[in-house]
Amino acid sequence: MIVVYDAHCLLCSGAIQFLLRHDRRRLLRFASMQGETGRQLLAQAGVNPDDVDTMLFVRDGRAWRESAAVLRIAHVLGWPWRLAWTGWFIPVTLRDALYRCVARNRYQWFGRSDTCILPPPGAAQRFLD
């Protein structure tokens, strides 16, 4: 299971730090969309790697983006994060509209970094590029 994220986005980097802390079974791996693996996964999912406003979640050859990616990632984390699964009851148009609003404004609201996050000790093997 791979999470493709924007390594320059401070919100995204914070989300990856959160996932590293709460993925107790160490199931998730990470690829930045600026790296070769992340760009390939985006292209395979039909997303232009040069114009990305979404997180991508890849599992067993299938890819999800926007709110579906977030809900599936939360499910992988187990209890209590699995409760986010109830988000499926919210209409996808509403969920994705909210996701796109945050994604479009993520640099303004949360900031941008020119450097990628450094994996914490013991987690480097979970990062693909």
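Predicted model, so just to flag it, every value in this text is computed and none were measured.

Help me out: how do you make sense of the pairing of strand β1 (residues 2-5) in this one?
Two faces make up the sheet, and in a regular strand the side chains alternate between them. Residues of β1 alternate between two faces, with Ile-2 and Val-4 on one and Val-3 and Tyr-5 on the opposite face, all of them buried. For the handedness criterion, the β-α-β arrangement of β1, helix α1 (residues 10-22) and strand β2 (residues 29-32) is classed as right-handed. Relative to strand β3 (residues 56-59), β1 runs antiparallel, the two sharing three bridges. Among the inter-strand pairings, Val-4 is bridged to a residue of β3, identified as Leu-56.

Where do I start with the packing of helix α3 (residues 66-77) against helix α4 (residues 92-110) in this structure?
Each pair of packed helices can be described by the angle between their axes along with the distance between the axes. Contact geometry of α3 with α4 gives a least axis separation of 7 Å together with a crossing angle of 95°. Taken as axis vectors, α3 and α4 run roughly perpendicular relative to one another. Residue-level inspection shows Glu-66, Ser-67, Ala-68, Val-70 and Leu-71 of α3 in contact with α4, the latter providing Arg-95, Asp-96, Tyr-99 and Arg-100. Taken together, the residues of the contact of α3 with α4 break down into four nonpolar, one polar and four charged.

Please clarify how α3 should be interpreted in this entry.
Along an α-helix, residues three or four apart share an orientation, since each turn contains 3.6 residues. When the terminal C-alpha atoms of α3 are compared, their 18 Å separation across 12 residues agrees well with the 16 Å that a helix rising 1.5 Å per residue should span. Among the 12 residues of α3, nine are classified as buried, and the element is accordingly described as predominantly covered. Restricting attention to buried positions, one finds in α3 the residues Glu-66, Ser-67, Ala-68, Ala-69, Leu-71, Ile-73, Ala-74, Val-76 and Leu-77. Where the residues of α3 are buried, they touch β1, α1, β3, β4 (62-65) and α4. At the exit of α3 stands Gly-78, carrying a positive phi of roughly 85°.

Help me understand the nonpolar core, please; the structure alone is not making it clear to me.
Inside soluble globular proteins, nonpolar side chains tend to come together where they are buried. Val-3, Ile-16, Leu-19, Leu-28, Phe-30 and Phe-57 are the most contacted members of the largest nonpolar core, which totals 22 residues. Those elements giving two or more residues to this core turn out to be β1, α1, α3 and α4. Counting residues in hydrophobic clusters, the runner-up holds 10 residues, among them Ile-2, Met-33, Leu-41 and Leu-42.

Is there a simple way to think about the sheet that holds β3 in this case?
Either a parallel or an antiparallel arrangement is found when strands of a sheet pair, and the pairing is made through backbone hydrogen bonds. With mixed pairing, the four strands of this open sheet are ordered in space as β2-β1-β3-β4. With one partner strand each, in any of the chains shown, β2 and β4 form the two edges of the open sheet. The mean angle between the axes of side-by-side strands here comes to 25°, regardless of whether they run parallel or antiparallel.

What's the story with a nonpolar patch on the surface in this structure? I'm lost.
A contiguous nonpolar surface patch, about 380 Å² in accessible area, is contributed by Leu-10, Leu-11, Trp-109 and Phe-110. Among the elements of the structure, α1 and α4 are those that each provide at least two residues to the nonpolar patch. You can see Trp-109 is positioned in helix α4.

Help me understand the side chain of Ser-67 in this model?
Residue placement: Ser-67 occurs in helix α3. For Ser-67, the residues in contact, after removing those within four places along its chain, are Arg-95, Asp-96 and Tyr-99.

Can you help me understand the packing of aromatic side chains in this one?
Two numbers describe a pair of aromatic rings. These are the distance of the centres and the angle of the planes. By the definition in use, this model includes four aromatic pairs. Relative to Trp-81, the ring of Phe-18 has its centre 4.9 Å away and its plane inclined at 85°; by these criteria the two rings are edge-to-face. Separated by 63 residues along the polypeptide, Phe-18 in helix α1 and Trp-81 in the loop between α3 and α4 bring together distant segments of the chain. A relative accessible area of 26% places Phe-18 in the partly exposed class.

What counts and how
- Residues numbered from 1 in each chain as written.
- Predicted model: local features only at pLDDT ≥ 70, side-chain atom pairs only at ≥ 80, totals over all residues.
- Heavy atoms only, no water.
- Buried < 20%, exposed > 50% of the residue type's maximum accessible area, 1.4 Å probe, protein only.
- Helix = DSSP H or I, 4+ residues; strand = E, 2+ residues; numbered from the N terminus.
- Right-handed = clockwise from strand over helix to strand, strands pointing away.
- Pairing = 2+ DSSP bridges.
- Axes fitted to C-alpha atoms, helices over the stretch in contact; angles between N-to-C directions.
- Parallel < 35°, antiparallel > 145°, perpendicular 65-115°, else oblique.
- Contact = heavy atoms within 4.5 Å.
- Nonpolar A, V, L, I, M, F, W, Y, C, P; charged D, E, K, R; others polar.
- Expected span 1.5 Å × (residues − 1).
- Core = buried A, V, L, I, M, F, W, Y, C linked by side-chain atoms within 4.5 Å.
- Patch = residues over 30% accessible without salt bridge, like charges linked within 9 Å, V, L, I, M, F, W, Y side chains within 5 Å.
- Areas by Shrake-Rupley, 256 points an atom, 1.4 Å probe, with all protein chains shown as cover.
- Salt bridge = Lys/Arg side-chain N within 4 Å of Asp/Glu carboxyl O.
- Phe/Tyr/Trp six-rings, centres within 6.5 Å; stacked < 30°, edge-to-face > 60°.

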